[in-house]
Protein chains: 2
Amino acid sequence: MEKHTLDDIARITGYSKTTVSRVLNGKAASARISKQAVEKIMKVSKDTGYQLNSVAQMLRSKVSKTIGLVVPYISNPFFANLASTVITNARQAGYIVTLIDTMENPEAERQALNTMVARSVDGIIVVPCGDDPATIASLCKRVPLILIDRYYPEADIPYVSTDNYDGGYRAMQLLLESGHNRVLCIKGPDVSVTSNERVRGCHDAIARSGNNCRLSVVGNDFSVQNGYIETQLAIGAKQPPTAIFALSSTILLGVLKALNEHKLNIPDDVSVISFDDNTYLDYLNPPVTRIKQPVTDIAETAINLLLQAIAKKEQLQANICMAPSIVLRNSIKHLH
Amino acid sequence: MEKHTLDDIARITGYSKTTVSRVLNGKAASARISKQAVEKIMKVSKDTGYQLNSVAQMLRSKVSKTIGLVVPYISNPFFANLASTVITNARQAGYIVTLIDTMENPEAERQALNTMVARSVDGIIVVPCGDDPATIASLCKRVPLILIDRYYPEADIPYVSTDNYDGGYRAMQLLLESGHNRVLCIKGPDVSVTSNERVRGCHDAIARSGNNCRLSVVGNDFSVQNGYIETQLAIGAKQPPTAIFALSSTILLGVLKALNEHKLNIPDDVSVISFDDNTYLDYLNPPVTRIKQPVTDIAETAINLLLQAIAKKEQLQANICMAPSIVLRNSIKHLH
DNA sequence: TAATTTTGCGCAAACGATTGCGCTAATTAA
DNA sequence: TTAATTAGCGCAATCGTTTGCGCAAAATTA
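Definitions and limits used
- Residues numbered from 1 in each chain as written.
- Chains lettered and ligands numbered in written order.
- Predicted model: local features only at pLDDT ≥ 70, side-chain atom pairs only at ≥ 80, totals over all residues.
- Heavy atoms only, no water.
- Pairing = 2+ DSSP bridges.
- Helix = DSSP H or I, 4+ residues; strand = E, 2+ residues; numbered from the N terminus.
- Axes fitted to C-alpha atoms, helices over the stretch in contact; angles between N-to-C directions.
- Contact = heavy atoms within 4.5 Å.
- Parallel < 35°, antiparallel > 145°, perpendicular 65-115°, else oblique.
- Left-handed = near helix turned anticlockwise from the far one by under 90°.
- Nonpolar A, V, L, I, M, F, W, Y, C, P; charged D, E, K, R; others polar.
- Salt bridge = Lys/Arg side-chain N within 4 Å of Asp/Glu carboxyl O.
- Buried < 20%, exposed > 50% of the residue type's maximum accessible area, 1.4 Å probe, protein only.
- Domains from an automatic or database assignment.
- Near = heavy atom within 4 Å.
- Polar contact = N/O pair within 3.5 Å; in protein donor to acceptor, adjacent residues only side chain to side chain.
- Disulfide = S-S within 2.5 Å.
- Buried area = accessible area lost by both parts, 1.4 Å probe.

(A) Representation of the sheet that holds strand 10 (residues 289-292) of chain A in the model. Residues and elements named next belong to chain A. Taken in spatial order, the six strands line up as 7-6-8-9-10-12 in an open sheet, and their pairing is mixed. Because the sheet does not close on itself, it has two edges, and the strands there are strand 7 (214-218) and strand 12 (325-327). Each strand of the sheet is rotated relative to its neighbour by a mean of 20°, with strand direction disregarded. By the bridge criterion, three bridges tie strand 9 (residues 271-275) to strand 10 in an arrangement that is parallel. Its bridge partner being in strand 10, Ser-274 is matched across the sheet by Arg-290. Sitting on the sheet, helix 8 (residues 164-177) touches strand 6 (182-186), strand 7, strand 8 (243-246), strand 9, strand 10 and strand 12, and the angle it makes with strand 9 is about 170°.

(B) The arrangement of the packing of helix 8 of chain A against helix 9 (residues 193-209) of chain A in detail. Residues and elements named next belong to chain A. The N-to-C vectors of helix 8 and helix 9 enclose an angle of 45°; their axes lie 6 Å apart at closest approach. Relative to helix 9, the element helix 8 lies oblique. Classified by chirality, the crossing of helix 9 by helix 8 is right-handed. Contact residues: helix 8 offers Asn-164, Tyr-165, Gly-168, Tyr-169, Met-172, Gln-173 and Leu-176, while helix 9 offers Thr-194, Glu-197, Arg-198, Arg-200, Gly-201, Cys-202, Asp-204, Ala-205, Ile-206, Arg-208 and Ser-209. In terms of residue class, the contact of helix 8 with helix 9 is made up of seven nonpolar, six polar and five charged.

(C) Geometry of the pattern of salt bridges. Residue and element names in this part refer to chain A. If you walk through the whole model with that rule in mind, you get 26 salt bridges over all chains. The residue Asp-8 makes a salt bridge to Arg-11 at a minimum N-O spacing of 3.3 Å. With Asp-8 and Arg-11 both in helix 1 (residues 6-13) and three residues apart, the pair spans about one turn of that helix. For Asp-8, a relative accessible area of 18% puts it in the buried group. A salt bridge links Arg-208 to Asp-204; its shortest N-O distance comes to 3.9 Å. Taken together, the residues span about one helical turn, with Arg-208 and Asp-204 both in helix 9 at a distance of four residues. A single network of salt bridges, built from pairs that share partners, joins Asp-277, Asp-282, Arg-290, Lys-292 and Arg-329.

(D) Region of the structure containing the domain arrangement of chain A. Segmentation of chain A into domains returns domain 1 (6-52), domain 2 (62-162 + 295-323) and domain 3 (164-292). One C-alpha centre belongs to domain 1 of chain A, the other to domain 2 of chain A, and the line joining them spans 37 Å.

(E) Focus on the protein's contact with DNA strand D. Lining the immediate environment of DNA strand D, one finds 28 residues, of which Thr-19 and Arg-60 of chain A together with Leu-6, Tyr-50 and Arg-60 of chain B sit closest. Restricting attention to atoms of DNA strand D within 4 Å of the protein, one finds that 54% of them are sugar or phosphate atoms. A distance of 2.9 Å is found between a base oxygen of DNA strand D and a side-chain nitrogen or oxygen belonging to Arg-22 of chain A. Within the side chain of Ser-21 of chain B, a nitrogen or oxygen atom sits 2.7 Å from a phosphate oxygen of DNA strand D. Where the surface near DNA strand D is concerned, the elements lending two or more residues are helix 2 (17-24) and helix 4 (54-61) of chain A together with helix 2 (17-24) and helix 4 (54-61) of chain B. Each residue belonging to the surface near DNA strand D can be placed in one class, and the counts come to eight nonpolar, twelve polar and eight charged.

(F) How the structure looks around the state of the cysteines. Across all of its chains, the model carries zero disulfides over all chains by this definition. Cys-140 of chain A takes part in no disulfide bond, and the closest cysteine sulfur to it belongs to Cys-129 of chain A, at a distance of 17 Å. Of the cysteine sulfurs around Cys-213 of chain B, a residue in no disulfide, the closest is that of Cys-202 of chain B, at 9.3 Å. A residue is classified by how much of its surface remains accessible, and Cys-213 of chain B, at 9% relative accessible area, is buried.

(G) How the structure looks around the protein's contact with DNA strand C. By nearness alone, 28 residues border DNA strand C, and Leu-6, Tyr-50 and Arg-60 of chain A together with Thr-19 and Ser-34 of chain B come closest of all. The sugar-phosphate portion of DNA strand C accounts for 52% of its atoms within 4 Å of the protein, the bases making up the rest. Within the side chain of Thr-18 of chain A, a nitrogen or oxygen atom sits 2.9 Å from a base oxygen of DNA strand C. One of the side-chain N or O atoms of Arg-60 of chain B is found 2.7 Å from a base nitrogen in DNA strand C. Those elements giving two or more residues to the surface near DNA strand C turn out to be helix 2 and helix 4 of chain A together with helix 2 and helix 4 of chain B.

(H) Quick look at the interface of chain B and chain A. Every contact between the two is made by 48 residues of chain B and, on the other side, 48 residues of chain A. Interface area for chain B against chain A, summed over the two sides, is near 4300 Å², with a carbon-plus-sulfur share of 61%. Sorting the residues of chain B by area buried against chain A places Val-55, Arg-119 and Tyr-283 of chain B first, and these three jointly supply 17% of that buried surface. Where chain B packs against chain A, one counts zero salt bridges. Taken together, chain B and chain A are joined by 14 residue pairs in polar contact (both at pLDDT 80 or more). At the level of elements, helix 4, helix 5 (77-92), strand 2 (96-101), helix 6 (106-118) and helix 11 (249-261) of chain B are the ones that each hand at least two residues to the side of chain B that touches chain A. Pairing geometry for strand 2 (residues 96-101) of chain A and strand 2 of chain B, over three bridges, is antiparallel. Considered in strand 2 of chain B, the bridge of Thr-98 of chain A is made with Thr-98 of chain B.

Below you can see the structure in the form of structure tokens.
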């Protein structure tokens, strides 16, 4: 079980490493290798436990069979799910995934991308952080690259994401249909495209409904704290909201905490709807209605497009927003 | 921004690639390279955007600066957290992480390990699945390898895990102190060492307390379903448990679902304690008391031991069980 | 001035695989 | 019998680094 090389197998079998290489790569037929040779080489390489050295192979063939995946926080279940799908699909196509966690640090992201290129990954999938698409934009001319979840509308970088506008629109529609006319929407960072799209969807839903619903959009972070603070502020006001739309499941947790502290009941005292799907949302009291992003579809679409681009060596082109779905539970009260 | 090699830089600067390599590796001093040369080479390599080819470097130096991480399911938050810590710590030490998700499939695990070796990773961290340590045991003689979370007590493979016995013991202690004497413990698979250790801790806690508490240990899977079914069965019995100990947070969700369906209140009707920490457990109604595994410590210890072993090129030796902590909430009723 | 040391750098052989081209012997065709 | 074809395989270059060894020129010492 020591380490063997092609030369070793060649020496043992008496054939050249050329022949050995060809046999081991399944090119025996096209290279007209005799049956004897194939058998002997196969046998010896089994017996010796020969293992291909992928590194040498990469150097020579310029193909690493590796996908680079760059995410802001792998500990975030949303990104973990994305990663899971990417890894699984990549593996089925014979690719392995190298993962870097940027922790929302743009500088770390730049380094990560450099590392990926230095290791000559065949393609890169990024959930970008920061608001400067420059590095990525220039990189995506040199190596197949695709963004997921987050993207830069003004830059020409392929992406697959949720149709956040639609998600915001439909969530708001749900609230309007139930007669809510004072809605608090707690959003993410100002620079977040996904957050802003959701908000835009809300506004349009109201406008198109002809309803006189008052929507107040507050907050600036996808965090528990932000959800907590904004909820505290809102329920202290003279005219508290009848419904709260949390733009992420972390924000939702903050909302819940504040409501619990004030002994406010969902949905009797205030209705709640959230973005992002999580199993535990069904085990809250009551289960929370939410907009579910098509995580698996997004990841699958992205990795498949990427693998295609790698295979065909052609420029990747994609501006895809996939529709979310509604997970209907019991957190929205119907106001007559 | 094209691809340049050492030769290119050598040609442009007029120095040999030997000198260029030395300068770029910070060996200018020890190789007595002149200041001029260093400056010129540095400048040119900046200007041309020269990027080292890690693959060639790996081939030559036999060092890949890569850690292989093999987990059963990266979408499981527990493993995602482990991965997060491993990735972050590895990166600080200049290592990158290649991740394979085995989906609890031992054959996939074997392949994964082969792939890792072929790519000459410098070290491997595995959360093993299946009950056959043979592959891993033989592998760990050839490359630094360490198990986390799960391990094989009888095999001589280094590991870092939770002190599951202690966790089970203390959870049970908590229930005993509150006067519970009919406890339902819903466990994981029969072959799971972690599950079994937790159960053993429970039994010992009762034995050592001199209490006549009746512990009934049921179930065979770390799944929501298992938790649900076993809870259904138990609360239908003539003598339902006064407390339920869920040996994982997935099992807990099943427990909650069953209790909700029967309108049973926590902790008034039945007390609950669980293994595994999750943010959302604090947002349940009521927040659930739980045994928190020292995930970060485990991962940090493991990666550091691994990096040490890699650096010192010495055999890794570790049988470490780290104590869990108790996150005390309001899900256990004190029975007078 | 001659001998020694130091400075500054390059040659060329690895690392382990892949592959275009070519070569010999055997077979077939003419 | 000779020419053409085919079968079966190997040579050697290549991928882009790293590094042991050595060598000439400059600086120092004797």
